[in-house]
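# Structural overview for review
What follows is each chain in one-letter form.
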Amino acid sequence: MTTTVGTSTGGAVAGRKGRPRDERIDADITSAALQVLADGGFDRFSVEAVAVRAGVAKTTVYRRFPNREELIITALERLNDDLPSAPPRGSVRDQLVEVLDAIRRRTPQSAKGRILMHAVGEGAREPALAALVHDRVLAPRRQLIRAIIEGGVASGELRPDLDPDVVIPILVGPMLYLGMWRMCEAVNSVSVEDAVDLIMTGLTRANGS
């Protein structure tokens, strides 16, 4: 797949003038696009397959999305539908548990998990694809965790010398491992709370103590 996404605006184009936009059809198309991505990856993604899955004509898809790249971009943004607009309430520890638990629950068998697995594999040979998935899917989640860390530093709950860019992979990495290997009893017995509590000892300890 050759992914030309660098200059895209990242949203669906407006409908044909004079015709009201049916948002239900938009939702059906982008939901179908996510399923096609999950089933076959980015290389095998086609507008024709999306139209069949959504139960609409191919021309209906193209009236809303001018090309397959625009459709992929808009569909990927649907993966953020469950992303909170602001950090949850509570202590830094409780906020991290809530956000990281959502990452752990994203199993490789789920549509979101399968799409990300395709992106990892295909992104190795398609840097533009990797950048697209990072910018549209991963970056908003990184920003949410960054806001929690920065809020904790500001409130004094976390040590003041933390670099969020170092902390984020330390927090997210274990969740990906726990989610990917959750079928193993030894892994499944580890709770998000236990992992966060252990990591928090480093996030709250001052230098030299």
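Residues numbered from 1 in each chain as written. Predicted model: local features only at pLDDT ≥ 70, side-chain atom pairs only at ≥ 80, totals over all residues. Heavy atoms only, no water.

With that settled, consider the pattern of salt bridges. On inspection of all chains with the given rule, the structure shows 14 salt bridges. Of the charged contacts in the structure, one is a salt bridge between R64 and D26, with a shortest N-O distance of 2.6 Å. Taken together, the residues span a long stretch of sequence, with R64 in helix 3 (residues 58–64) and D26 in helix 1 (residues 23–40) at a distance of 38 residues. Accessibility assignment for this pair places R64 and D26 in one class, buried. E150 serves as the salt-bridge partner of R146, at 3.6 Å between the closest nitrogen and oxygen. With R146 and E150 both in helix 7 (residues 127–155) and four residues apart, this pair spans about one turn of that helix. A residue is classified by how much of its surface remains accessible, and E150, at 41% relative accessible area, is partly exposed. Shared partners join several salt bridges into a network, and the residues in it are R142, R146, E150 and D165. (Salt bridge = Lys/Arg side-chain N within 4 Å of Asp/Glu carboxyl O. Helix = DSSP H or I, 4+ residues; strand = E, 2+ residues; numbered from the N terminus. Buried < 20%, exposed > 50% of the residue type's maximum accessible area, 1.4 Å probe, protein only.)

Closest axis-to-axis distance for the helix 8 (residues 164–180)/helix 10 (residues 192–204) pair is 10 Å, and the angle between their directions is 160 degrees. The angle between helix 8 and helix 10 falls in the class roughly antiparallel. Considering the relative orientation of helix 8 and helix 10, their crossing is right-handed. Facing helix 8, whose interface residues are V167, I170, L171, P174 and M175, helix 10 presents V192, A195, I199 and L203. Partitioned by chemical class, the residues of the contact of helix 8 with helix 10 number nine nonpolar, no polar and no charged. (Axes fitted to C-alpha atoms, helices over the stretch in contact; angles between N-to-C directions. Parallel < 35°, antiparallel > 145°, perpendicular 65-115°, else oblique. Left-handed = near helix turned anticlockwise from the far one by under 90°. Contact = heavy atoms within 4.5 Å. Nonpolar A, V, L, I, M, F, W, Y, C, P; charged D, E, K, R; others polar.)

Along the polypeptide, R159 turns up in the loop between helix 7 and helix 8. There is a polar contact of 2.9 Å between the side chain of R159 and the backbone oxygen of G202. (Polar contact = N/O pair within 3.5 Å; in protein donor to acceptor, adjacent residues only side chain to side chain.)

Looking now at the nonpolar core. One finds F42, F45, V50, L71, L76, I115 and V133 to be the most contacted residues of the largest nonpolar core, which totals 28 residues. Contributions of two or more residues to this core are made by helix 1, helix 2 (47–54), helix 4 (68–77), helix 6 (111–123) and helix 7. With seven residues, helix 1 is the largest single contributor of residues to this core. If near-sequence neighbours (up to four positions away) are discounted, V133 is found in contact with F42, L76, L116, A119 and L138. Among the nonpolar cores identified, the runner-up in size contains 25 residues, and L96, L144, L178 and M200 belong to it. (Core = buried A, V, L, I, M, F, W, Y, C linked by side-chain atoms within 4.5 Å.)

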